[in-house]
Amino acid sequence: MSATIKDIARETGLALATISKYINGGTVRPQNKKQIDEAIRKLNYVPRNTARGLRSSKTYRIGLVSGPPNNPHNAFLLSKIENTMRAHGYSLTFMSDDKYKDHVNKFVPHMLRSGIDGLIISSFCLSKDICSAVEHTKIPVVELEEHSHFHRTDCIQTSCTSGAYEIVEHLIKMGHQKIALVNGSPASYTACERKKGYLRALEDYDIPVNPDYIIAENYANDFGYQAMQKLWNLPERPTAVFSANYTLCLGIYEAIYSLGIRIPEDLSVVSFDDFELSMLLSPQLTAVRQPLTGLAEQACDLLLRRMNGDYSDFPRTIRLKPECIYRDSVRDLFSDAK
């Protein structure tokens, strides 16, 4: 026999009204939220969506459009969003933009036709026509990290500019002025924000911008590798490189190993995005760590509120602060000069 909210009440000691409120998208105290989530997982509670859907005309499905799930950044967000929404009785329909940009614009209308109650979008690949079609349906949309062509939406983001600024400033304070940036697509909001932070740090410290040191992604799978090869073939090589995301960093490191470059003796390396790889590398990688749990939870909480009719603060933009993790991949040029 499947678990019910009465079982959750017995497990947690909380009132049925509190549990029902949370499961239906309401806000409860953080401690109560934690207890209910733990009980849902322990008891394998699944809301009876069929009956609920008949009463409310809801599908109890949400859509998620994101980058490829083989990227640990996207995989973490996908898992966290799926778990959170499942705890509230929603199933997840997922579409990756990956390298098949046209497929996304074909699949989103399919999502809408099959029925979804809300949509989380972490992609800059949606066309203006598709965004207009989504807005016409009046379903709630939360943009996660990226911006598409919506007129007005809620948005949850990492403060990419401040994170990029802080890590480039760290390089500068370690004596580096020849700092390269290997960046994502110019169409990406997050890539533009990270470039803005990089340029602002150089400007604040009166360091001239070398256009040869800024390389933007061209969608090739091995772009990070190509970019690092190009930088190392310059007449005046950089002393440090800032990788704007995890995928680019993998390619950069592949090129570094093939070229026999020593870190940090020959080149200092920092990256936006911090995962297990950062600590497994030798030396360990200095990186910007994004608040991924916070991003996923805020996106889900805001979407649940909208799907339950709360538009009191619409549209809302929430920016979460990242954290720089300082490790051993940056050479201190000031100490070497003494």
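Structural data are supplied above this passage.
Residues numbered from 1 in each chain as written. Predicted model: local features only at pLDDT ≥ 70, side-chain atom pairs only at ≥ 80, totals over all residues. Heavy atoms only, no water.

1. Re the pairing of strand β1 (residues 61–66)
Now for step 1: For β1, a buried count of five out of six residues is recorded, marking the element as mostly surrounded by other parts of the structure.
Now for step 2: As paired strands, β1 and strand β2 (residues 91–96) are joined by six bridges and run parallel to one another. Considered in β2, the bridge of glycine 63 is made with threonine 93.
Now for step 3: The β-α-β motif built from β1, the intervening helix α5 (residues 72–87) and the parallel element β2 has right-handed crossover chirality.
Now for step 4: Relative to strand β3 (residues 118–121), β1 is paired through four bridges, and the arrangement is parallel. Directly across from glycine 63, in β3, lies its bridge partner leucine 119. (Buried < 20%, exposed > 50% of the residue type's maximum accessible area, 1.4 Å probe, protein only. Helix = DSSP H or I, 4+ residues; strand = E, 2+ residues; numbered from the N terminus. Pairing = 2+ DSSP bridges. Right-handed = clockwise from strand over helix to strand, strands pointing away.)

2. Quick notes on helix α1 (residues 5–12)
Now for step 1: Among the residues of α1, those classed as buried are Ile8, Ala9 and Thr12. Seen end-on, α1 carries its buried residues on one side only, within an arc spanning 105°. Residues of α1 that are exposed and angled more than 90 degrees away from the buried face: Lys6 and Arg10.
Now for step 2: Two residues or fewer after α1 comes glycine 13, characterised by a positive phi angle close to 80°. (Arc of directions from axis to C-beta.)

3. Here's the deal with the pairing of strand β4 (residues 141–144)
Now for step 1: Burial along β4 is two-sided: the face carrying Val141 and Glu143 and the face carrying Val142 and Leu144 are both buried.
Now for step 2: Summarising the sheet, β3 and β4 pair through three bridges and their orientation is parallel. Looking at the pairing, isoleucine 120 lines up with valine 142 of β4.
Now for step 3: Handedness of the crossover joining β3 and β4 through helix α7 (residues 128–137) is recorded here as right-handed.
Now for step 4: Sheet topology places β4 next to strand β5 (residues 154–158); three bridges connect them, and they run parallel. Looking at β5, one finds that glutamate 143 is bridged to cysteine 155.

4. Notes on the packing of aromatic side chains
Now for step 1: The final tally for this structure, using the stated rule, is four aromatic pairs.
Now for step 2: Plain terms: the ring middles of tyrosine 60 and tyrosine 90 are 5.2 Å apart, the flat faces sit at 40° to each other, and that makes the pair tilted. Placement of the pair is tyrosine 60 in the loop between α4 (49–56) and β1 and tyrosine 90 in the loop between α5 and β2, with a sequence separation of 30 residues.
Now for step 3: According to the relative accessible area criterion, tyrosine 90 is buried, its value standing at 4%.
Now for step 4: Taking the centre distance of 5.4 Å and the plane angle of 80° together, the rings of tyrosine 246 and phenylalanine 275 count as edge-to-face. Of this pair, tyrosine 246 sits in helix α11 (residues 246–259) while phenylalanine 275 sits in the loop between β9 (268–272) and α12 (276–280), placing them 29 residues apart in sequence.
Now for step 5: For phenylalanine 275, a relative accessible area of 11% gives the class buried.
Now for step 6: A cation over a ring is seen here: arginine 194 above phenylalanine 272, with NZ or CZ 3.9 Å from the ring centre.
Now for step 7: Sitting above the plane of the tyrosine 311 ring, arginine 306 keeps its charged end 5.4 Å from the centroid. (Phe/Tyr/Trp six-rings, centres within 6.5 Å; stacked < 30°, edge-to-face > 60°. Lys NZ or Arg CZ within 6 Å of the ring centre and 35° of its normal.)

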